Amino acid sequence: MIVCICRGVSDRRIRQEIARGASSIDELRRCGIGDQCGSCHPVLQLLLAEATATVPCANAACACANSDPRTDTAAQTL
Ligand code: FES
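Residues numbered from 1 in each chain as written. Predicted model: local features only at pLDDT ≥ 70, side-chain atom pairs only at ≥ 80, totals over all residues.

1. A word on the overall build of the chain
Broken down by element type, the chain carries 4 helices and 2 strands. Counting helices and strands in the order they occur from the N terminus, the chain gives β-β-α-α-α-α. Across the chain, contacts joining residues at least 24 apart in sequence account for 32% of those joining residues at least 6 apart. (Helix = DSSP H or I, 4+ residues; strand = E, 2+ residues; numbered from the N terminus. Contact = placed C-beta atoms within 7 Å.)

Below, the structure written as structure tokens:
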């Protein structure tokens, strides 16, 4: 899907740049993404957030770093 209409850049290419180390809109702009009208910036921000988000552990009894404190019974007993 094309995200940056001005530059004709797809979400796939944006994810590739993020995987290569781009961690902000300014860094994506240096790659020629989102450096024109800026209307794609909210989606760029979502893709950046998606890349850094941790998925909560599905095992409620797990105490790993990705556990969700709302459902982590081990954290609730501490
Ligand atoms: S749509 Fe990305 S800069 Fe215009």
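From this point, the narrative continues.
2. Observations regarding the nonpolar core
Counting residues in each nonpolar core, the largest one holds 10 residues, listed as Val3, Cys4, Val9, Ile14, Ile18, Ala22, Leu28, Ile33, Cys40 and Leu44. Contributions of two or more residues to this core are made by strand S1 (2-4) and helix H1 (11-19). With residues up to four places along the chain from it excluded, the contact list for Ala22 reads Glu17, Glu27, Leu28 and Cys31. (Core = buried A, V, L, I, M, F, W, Y, C linked by C-beta atoms within 7 Å. Buried ≥ 20, exposed ≤ 12 C-beta atoms within 10 Å, placed from the backbone.)

3. Description of the packing of H1 against helix H3 (residues 41-52)
Viewed as axis vectors pointing N to C, H1 and H3 meet at an angle of 50 degrees, and their least axial separation amounts to 10 Å. Comparing the axis directions of H1 and H3 gives the class oblique. Every pair of crossing elements has a handedness; the one defined by H1 and H3 is right-handed. Listed contacts from H3 to Asp11, Ile14, Arg15 and Ile18 of H1 are Leu44, Leu47, Leu48 and Ala51. For the contact of H1 with H3, a count of residues per class yields 6 nonpolar, no polar and 2 charged. (Axes fitted to C-alpha atoms, helices over the stretch in contact; angles between N-to-C directions. Parallel < 35°, antiparallel > 145°, perpendicular 65-115°, else oblique. Left-handed = near helix turned anticlockwise from the far one by under 90°. Nonpolar A, V, L, I, M, F, W, Y, C, P; charged D, E, K, R; others polar.)

4. Concerning the environment of Cys4
When you line up the elements, Cys4 lands in strand S1. Look at Cys4 and you get buried, because 24 C-beta atoms sit within 10 Å. Along the sequence, Cys4 and Ile14 sit 10 residues apart, while their C-alpha atoms lie 9.3 Å from each other.

5. Quick look at the confidence of the model for the chain
Of the residues in the chain, 74% reach a pLDDT of 70 or more, and the chain-wide mean stands at 84. No element of the chain has a lower mean pLDDT than helix H4 (residues 73-76), which averages 46, and none a higher one than S1, which averages 98. Low pLDDT, under 50, characterises residues 72-78; the stretch is placed with 9 contacts to residues that sit more than four places away or in other chains. (pLDDT = per-residue confidence, 0-100.)

6. Focus: the environment of Gly34
Along the polypeptide, Gly34 turns up in the loop between helix H2 (25-30) and H3. Judged by C-beta crowding, with 23 C-beta atoms within 10 Å, Gly34 ranks as buried. Along the primary structure Gly34 and Gly8 are separated by 26 residues, whereas in three dimensions their C-alpha atoms are 9.8 Å apart. If sequence neighbours within four positions are ignored, Gly34 has contacts with Cys4, Ile25, Leu28, Arg29, Cys40, His41 and Leu44.

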